[in-house]
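Understanding the architecture of this molecule
One letter stands for each residue in the lines below.
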Amino acid sequence: MRDVARLAGVATSTVSRALADPGRVNEKTRCRIVAAVEQLGYVPNAAARNLRVGTSNIVMAILSEPAIANGASQIVPEVLQSVASTLSDNGFSLLIAGRNRSAAAEQHIPDLAVGGIVRGAILIGAAELPPHGQRSLANAGIPIVSVLQDRSAAGIPSVIADDRQAMREGVRHLIGLGHRSFFYIAGPEGSYHEAERFGGLAEALAAAGLPDRAVVRHGGGHAFQDGFPSGVDAARAYLALTPRPTAAVACWDDAAIAFMSTVRSQGLAVPRDLSILGFDGVPVGAFCEPPLATLRQPTASLGAKAAEILLQLLDGDAADPPLKTTLPNQLLLRASTAAPRSAGRKVAKSH
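The following refers to the structure shown. (Residues numbered from 1 in each chain as written. Predicted model: local features only at pLDDT ≥ 70, side-chain atom pairs only at ≥ 80, totals over all residues. Heavy atoms only, no water.)

**Some words on the overall build of the chain**
For clarity, the cut-off: Each helix is a run of DSSP H or I of at least 4 residues and each strand a run of E of at least 2, with the numbering of both proceeding from the N terminus. Burial classes follow relative accessibility: with a 1.4 Å probe on protein chains only, a residue under 20% of its type's maximum area counts as buried, one over 50% as exposed, and anything between as partly exposed. Contacts are residue-level and defined by heavy atoms, with any inter-residue pair within 4.5 Å sufficient. The method behind every accessible area is Shrake-Rupley, applied with a 1.4 Å probe, and residues are considered shielded solely by the protein chains displayed.
When its secondary structure is counted, the chain shows 11 helices and 12 strands. Across the 351 residues that make up the chain, the buried fraction comes to 48%. For the chain, long-range pairs separated by at least 24 residues make up 74% of all intrachain contacts whose partners lie at least 6 apart in sequence. By element, 51% of the accessible surface of the chain is carried by carbon and sulfur atoms, the whole surface being about 16,300 Å².

Below, the structure is given as structure tokens:
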């Protein structure tokens, strides 16, 4: 800053005012300072500014690292991009903290919050509040927002997609085509998304008067990042059934994509022999053969809304946001679903 002041021919305090509050410096002086800043490549020291004004402009996003490690799904990266963009537009920076490591390696997460380095936190997906000794995000005194997972019961404002309603709509579409027997590829046991999505399927079947045995549920042992192996395993189980359900529904697109590829490699035609419906709306689904029908999550809107709520919490004068904000998914009808070839097929028995 002293170098900028020297080059512009002003005091360092004038440079500070011009950068922090341009309206307090006359236009001619401000232009000289901006020119000097550009010539020298000067960047204000954010850490020093935080110490001086007593606040930080950093928000921390916490996620489970495997959520972006494997597979075709871009749900978490798309949400992150939208969070970062919204925060940046409002003068905040995003710091990403990954989980699923040792407790010692994760010590920095609550330390950043307790130490005042970050102003707030956004929990993405299944990431939990990471404690370390007596320190945790929960008692760090910073606002926290959850996205993709409902934590409203714990008092944490949450932004979620309506997975249950979306799955009901998707399965109603299959029932409307004439399907009466279903094969369901389950997500991880205990997962919030698995519970909501399978719950939506079960409700759609019940509303149509179909019995519990109308669905064969397979899986539950794979994590979401292992969607491709899960889909392959599910396809092998499906091919071994006699008779086979006429429609398959996957908890997530990665599993649906691998499932579809595997059954087609064994001579089944999609959708002539089997209709397939995914969930998430990953871009690659549109380029599968046939293109995958799916339920698309509003990733950009989810991330932006979570960031907006956090900014609202950081604004002491703003009204309190709702504890739960629910956004709709979108049913994308593509060529992987059609009416069953034989409407008179028997219903498969539950396993």
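**Some points on the packing of aromatic side chains**
Put simply, the rule reads: Side-chain rings of Phe, Tyr and Trp (the six-membered ring for Trp) are treated as a pair once their centres are within 6.5 Å; stacked means planes under 30 degrees apart, edge-to-face means over 60, and tilted covers the remaining angles.
A full pass over the atoms with the stated rule returns 5 aromatic pairs. Taking the centre distance of 5.8 Å and the plane angle of 20 degrees together, the rings of Phe183 and Phe259 count as stacked. Here Phe259 lies in helix H10 (residues 253-265) and Phe183 lies in strand S6 (residues 182-186), a separation of 76 residues in the sequence. We classify Phe259 as buried; its relative accessible area is 0%. Taking 5.7 Å as the distance between ring centres and 70 degrees as the angle between the ring planes, the aromatic pair formed by Tyr238 and Phe259 counts as edge-to-face. Remark: Phe259 occurs in helix H10 and Tyr238 occurs in helix H9 (residues 227-239); sequence separation between them is 21 residues. Like Tyr238, the residue Phe259 is buried in the burial classification.

**Overview of the nonpolar core**
As a rule of thumb, soluble globular proteins bury nonpolar side chains together. The condition is simple: Remark: nonpolar core denotes a set of buried residues (Ala, Val, Leu, Ile, Met, Phe, Trp, Tyr, Cys) joined through side-chain atoms within 4.5 Å.
Phe182, Phe183, Tyr238, Phe259, Val263 and Ile276 are the most contacted members of the largest nonpolar core, which has 46 residues in total. Not counting chain neighbours up to four residues away, the residues in contact with Val263 comprise Ala235, Tyr238, Leu239, Leu268, Val270, Leu274 and Ile276. Core analysis: the second largest hydrophobic core is formed by 25 residues, Leu63, Leu302, Ala306 and Ile309 among them.

**Things to note about the sheet that holds strand S4 (residues 144-147)**
Just so we agree on the cut-off: One bridge is not enough; two strands pair if DSSP finds at least two bridges between them. Each axis is a line fitted through C-alpha atoms, and for a helix only the stretch in contact is used; angles between axes span 0 to 180 degrees, taken between their N-to-C directions.
Here we have 6 strands laid out as an open sheet, ordered S2-S1-S3-S4-S5-S11, and parallel in their pairing. The open sheet is flanked by strand S2 (93-98) and strand S11 (324-327), the only strands paired with a single partner. For this sheet, the mean angle separating the axes of adjacent strands, direction not counted, is 20 degrees. Judged from the 5 bridges that link them, strand S1 (residues 58-63) and strand S3 (residues 120-124) form a sheet pairing that is parallel. Directly across from Ile62, in S3, lies its bridge partner Leu123.

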